Amino acid sequence: RLLYEAVSKSDLVIVSGSYTPMWLYAAVLARWCFSTQLLFICTMDADKAAEHFAGGLREWLARRLFILNDWLVAKLAARVYCRSDTHKAKLENFGIKADGVMVQSDQYKYFFPPTAADAADIAAARRWLSQGQPGPLLLFAGRLIPEKRIAVLVAAKPANCVLAIVGGGSESNLAAAARRLDPIIRVFVHAGLVAQCRLRVLFWAADG
């Protein structure tokens, strides 16, 4: 319902990111229901993604599902772009014609290795994330939503580690996450969105 409402109000739909069946649903809505222009930026390599299923029937099915999804979305899109010439050639072998290669050279600009000038910021970030608790520091940074299964992450935390959880979400999800703020088991929730320039420092401050 939310996706239907979003597409119905859009002048342009851009499909990009990791695989989800909602890709195809959005493409069908855009092309056939609302006659909205659709741009497909194919960032996922179906072969590499399928390898995570570790062989056998599951990997075979996953690869074909990913490729079929890409092919169908590409057929519905006005333009198709990918991230490299190598990927473009691979897509063509799957029957998907990419209009070009899209490179975002600045998208990782905040994640270059730290320098000596960053040391003080990193130390301060580590104190903030861990609330001063000693031990290896684990970091989760992302949306605080049920699909992330944060409760499973908390349950799996080694006893000798500190877990810092950083991210934004709905008020109910933030409240649920905040209840895991527990100095006894050393889990600390820092609710709220973080800019990339700040996020890089948090990643550097963590051990994993």
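Residues numbered from 1 in each chain as written. Predicted model: local features only at pLDDT ≥ 70, side-chain atom pairs only at ≥ 80, totals over all residues. Heavy atoms only, no water.

J.: Honestly, the sheet that holds strand S6 (residues 162–167) in this entry has me stumped. Any pointers?
T.: For sheets, the rule is that strands pair by backbone hydrogen bonds, running either parallel or antiparallel. Spatially, three strands are ordered S5-S6-S7 in an open sheet, and the strand pairing comes out parallel. Where the open sheet ends on each side, the last strands, each with one partner, are strand S5 (137–141) and strand S7 (187–191). Taken over all neighbouring pairs, the strand axes of this sheet differ in orientation by 15 degrees on average, direction set aside. Sheet analysis places S5 next to S6, joined by five bridges and oriented parallel. Note that in S6 the partner of Leu 138 across the bridge is Leu 163. (Pairing = 2+ DSSP bridges. Helix = DSSP H or I, 4+ residues; strand = E, 2+ residues; numbered from the N terminus. Axes fitted to C-alpha atoms, helices over the stretch in contact; angles between N-to-C directions.)

J.: Mind showing me how you'd approach the packing of aromatic side chains here?
T.: The description of two aromatic rings rests on the distance between their centres and on the angle between their planes. For the coordinates displayed, the defined rule picks out three aromatic pairs. Plain terms: the ring middles of Phe 53 and Phe 66 are 6.3 Å apart, the flat faces sit at 50 degrees to each other, and that makes the pair tilted. One end of the pair, Phe 53, is in the loop between helix H3 (46–51) and helix H4 (56–76); the other, Phe 66, is in helix H4, and 13 residues separate them in sequence. Phe 66 sits in the buried class, given a relative accessible area of 8%. Positioned above the aromatic ring of Trp 128 is the side chain of Arg 198, whose terminal nitrogen or guanidinium carbon lies 5.1 Å from the ring centre. (Phe/Tyr/Trp six-rings, centres within 6.5 Å; stacked < 30°, edge-to-face > 60°. Buried < 20%, exposed > 50% of the residue type's maximum accessible area, 1.4 Å probe, protein only. Lys NZ or Arg CZ within 6 Å of the ring centre and 35° of its normal.)

J.: In this structure, what is going on with the packing of helix H2 (residues 22–33) against H4? I would like to understand it.
T.: For any two helices packed against each other, one specifies the inter-axial angle together with the distance between the axes. It is the contact of H2 with H4, at a shortest axis distance of 9 Å, that shows an interaxial angle of 20 degrees. With respect to each other, H2 and H4 are oriented roughly parallel. With respect to the hand of their crossing, H2 and H4 are arranged in left-handed fashion. Residue-level inspection shows Trp 23, Leu 24, Ala 27, Val 28, Arg 31 and Trp 32 of H2 in contact with H4, the latter providing Asn 69, Asp 70, Leu 72, Val 73, Lys 75 and Leu 76. Residues that form the contact of H2 with H4 fall into these classes: eight nonpolar, one polar and three charged. (Parallel < 35°, antiparallel > 145°, perpendicular 65-115°, else oblique. Left-handed = near helix turned anticlockwise from the far one by under 90°. Contact = heavy atoms within 4.5 Å. Nonpolar A, V, L, I, M, F, W, Y, C, P; charged D, E, K, R; others polar.)

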